[in-house]
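# Structure at a glance
The residues making up each chain are set out below.
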Amino acid sequence: MDHLRDFLTFAGQSPTVYHAVAGLADRLRAEGFHELRETDPWLIDAGEKYFVLRNDAALIAFATPDTGFGAFRIVAAHGDSPAFKLKQHFEDHTREGYLRLNVEKYGGMIMSTWLDRPLSVAGRLILRSGDDLTVRLVNLDRDAVLIPNLPIHFNREINSGYAYQPQVDLLPLFGFDGQPQEGSRLLEEIADRAGVSCRDILSHDLFLYNRQPASVWGAGDAFFSCQRIDDLECAFAAVEALPRTVPRDTVSVCAIFDNEEVGSASRQGADSNFLYDTLTRLGTGLGASDGEIRAAMAGSRMVSADNAHAVHPNHPDKYDSQNRVFMNQGVVIKHNAAQKYTTDGLSSARFELLCQRAGVPVQHFANRSDIAGGSTLGNIANTHISMETVDIGLAQLAMHSAYETAGTRDLDYLIQALSAFWTEG
Ligand code: ZN
């Protein structure tokens, strides 16, 4: 439970991907990892630990062995979650005198879960700094906006399948002026909170987030709920496990990507050159030739860690009758014949054997054959750098809700499994 408490604190401090990556970087620094910059040449020592950020939204950390290396052992997860993003001009003064925020969807969320609950705003500000730009994280950290439902009296079909229209139904309320005003009062509050001048804010990447605090609940405290369990739980487990491992003749690598929820095709997503470049540069830094690095890549293995769907108590019929998984029953290996999950017989067997030796229970998941299901980052990363890969995760409920639920015992299992993978996988 210590890990879980630590995770819930981390998740509460990570309303956006920028905060999550900054928090993970702080944890790595505290464990003695040195920060590298992509724009500098890299000097890499054997037996040392490093991390590199891309666009403050993705992170790759690695630990090198004391002597030469023969392969990479990679754990990949993602730090973004579905949310609403504020548009560049986001204050909307309605004719009726309301002050609303103009937002758009980021990722595929369960929209109804964002209504009628206190929300706040967090993200990053891009500031003028002389002739240059600086970036500042900001979190309003108060109940600031809310998306109100229409009363049932005006929307009788709300309980029989209602199609929310983002540009109509999902614009959050911030204030009431009585009369339209010039200027941006929310931007001024955000500037105040960040300790900067409103005039210096040239742009921003700001998101809404759910203000409801994390909760541990249920019989025997079996469950916990908070925002962004998918995929902060796996990202946290990876960064927690990495410093505990002592690599022998492999380089331990932890990659936390952004933009998984919108297809990964960005500068800092799994569909970028970030991982390939980092492995090439660290290999070169350790004195390996191009041929040696390619040989190491060929013998490498990846664990793509992204949460899985636990059987829903009210809808067990949505799940495959044999390949279904439950919370608190261990790490999930995900299978898909169409290779949306990269797992195959070999990578599944190897990971299961590893977990057996580490004393970690394993479950297997596949979708019903008439349900498409989701995909994740393993198969996308493999188009850039191909290696034996297993897709895993922890079983959770209500994926992509603003308030997700998972099992309190599983985080420890994942940390144990990832430590074993990096130590001997
Ligand atoms: Zn995910």
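Quick caveat: nothing in here was measured; it's all calculated off a predicted structure.

### Notes on helix α4 (residues 185-194)
- Turning to α4, its buried residues number three or more, namely Leu 186, Leu 187, Ile 190, Ala 191 and Ala 194. The buried side chains of α4 occupy one side of the element, clustering within an arc of 140 degrees when seen end-on.
- Summarising the contacts, the buried residues of α4 are in contact with β5 (83-93), β6 (98-106), β7 (119-129), β8 (132-139), β9 (173-176) and β10 (201-210).
- Two residues or fewer past α4, Gly 195 is found with a positive phi of approximately 70 degrees.

### Notes on helix α6 (residues 274-285)
- Its twelve residues give α6 an end-to-end C-alpha distance of 16 Å, which sits within 8% of 16 Å, the value for a rise of 1.5 Å per residue.
- Taken together, the buried positions of α6 are Phe 274, Leu 275, Thr 278, Leu 279, Leu 282 and Gly 283. Looking straight down α6, one finds that the buried residues subtend no more than 150 degrees of arc, so they occupy a single side.
- Where α6 terminates, the next one or two residues include Gly 287, which has phi positive at roughly 90 degrees.

### Points about the domain arrangement of the chain
- Looking at the assigned domains, one finds that the chain contains domain 1 (2-81 + 227-424) and domain 2 (83-210).
- For domain 1 versus domain 2, the distance between C-alpha centres works out to 31 Å.
- Every contact between the two is made by 21 residues of domain 1 and, on the other side, 20 residues of domain 2.
- Contact between domain 1 and domain 2 buries roughly 1,500 Å² in total, counting both sides, with carbon and sulfur atoms accounting for 59%.

### Topic: the side chain of Asp 410
- With respect to the helices, strands and loops of the structure, Asp 410 is situated in helix α10 (residues 410-424).
- Buried within the structure, Asp 410 lacks any salt-bridge partner; its nearest side chain of opposite charge belongs to Arg 409, at an N-O separation of 6.6 Å.
- Discounting residues that sit within four places of it in the chain, Asp 410 has contacts with Met 327, Asn 328, Gln 329, Gly 330, Leu 394 and Ala 395.

### Observations concerning the pattern of salt bridges
- A complete count under the given rule lists 19 salt bridges for this structure.
- Close ionic contact of Arg 29 with Glu 35 constitutes a salt bridge, the shortest N to O distance being 2.9 Å.
- The exposure class assigned to Glu 35 is partly exposed, which follows from its relative accessible area of 32%.
- The salt bridge involving Arg 244 is made with Glu 240; its shortest N-O contact spans 3.3 Å.
- We classify Arg 244 as partly exposed; its relative accessible area is 44%.
- Exposure remark for Glu 240: the relative accessible area of 17% places this residue in the buried category.
- Through salt bridges with shared partners, a single network forms among Asp 6, Arg 27, Glu 240 and Arg 244.

### Observations regarding the pairing of strand β14 (residues 301-305)
- The buried fraction of β14 amounts to five of the five residues, a majority that puts the element mostly inside the structure.
- The side-chain alternation of β14 yields two buried faces, one formed by Arg 301, Val 303 and Ala 305 and the other by Met 302 and Ser 304.
- Judged from the four bridges that link them, strand β4 (residues 71-78) and β14 form a sheet pairing that is parallel. Across the sheet, Val 75 pairs through a bridge with Val 303, a residue of β14.
- Two elements, β14 and strand β18 (residues 388-393), share five bridges in a ladder whose sense is parallel. Among the inter-strand pairings, Val 303 is bridged to a residue of β18, identified as Val 390.

Conventions used here
In this numbering scheme, every chain counts its residues from 1 along its sequence in written order. With the structure being a predicted model, the display of local features is reserved for residues of pLDDT at least 70 and the display and counting of side-chain atom pairs for 80 or more, all residues being used for whole-chain, interface and lining totals. The basis for the side-chain values is all heavy atoms of the structure; hydrogens and waters are excluded. Exposure classes here rest on a 1.4 Å probe applied to the protein chains alone. A residue is buried below 20% of its type maximum, exposed above 50%, and partly exposed in between. Only DSSP runs of H or I covering at least 4 residues are called helices, and only runs of E covering at least 2 are called strands; the numbering of each starts at the N terminus. Taking the helix axis as origin, the arc is that swept by the directions to the C-beta atoms. Note on contacts: a residue pair qualifies if any of its non-hydrogen atoms lie within 4.5 Å across the two residues. Every helix has an expected span of 1.5 Å times one less than the residues it contains. Note that the domain bounds reflect an automated or database-derived domain assignment. Accessible-area loss on putting two parts together, using a 1.4 Å probe and summing over both, is the definition of buried area adopted here. Charge counting treats Lys and Arg as positive and Asp and Glu as negative, with His and both chain ends excluded. Any carboxyl oxygen of Asp or Glu within 4 Å of a side-chain nitrogen of Lys or Arg constitutes a salt bridge here. When DSSP finds at least two bridges between two strands, those strands are taken to pair.

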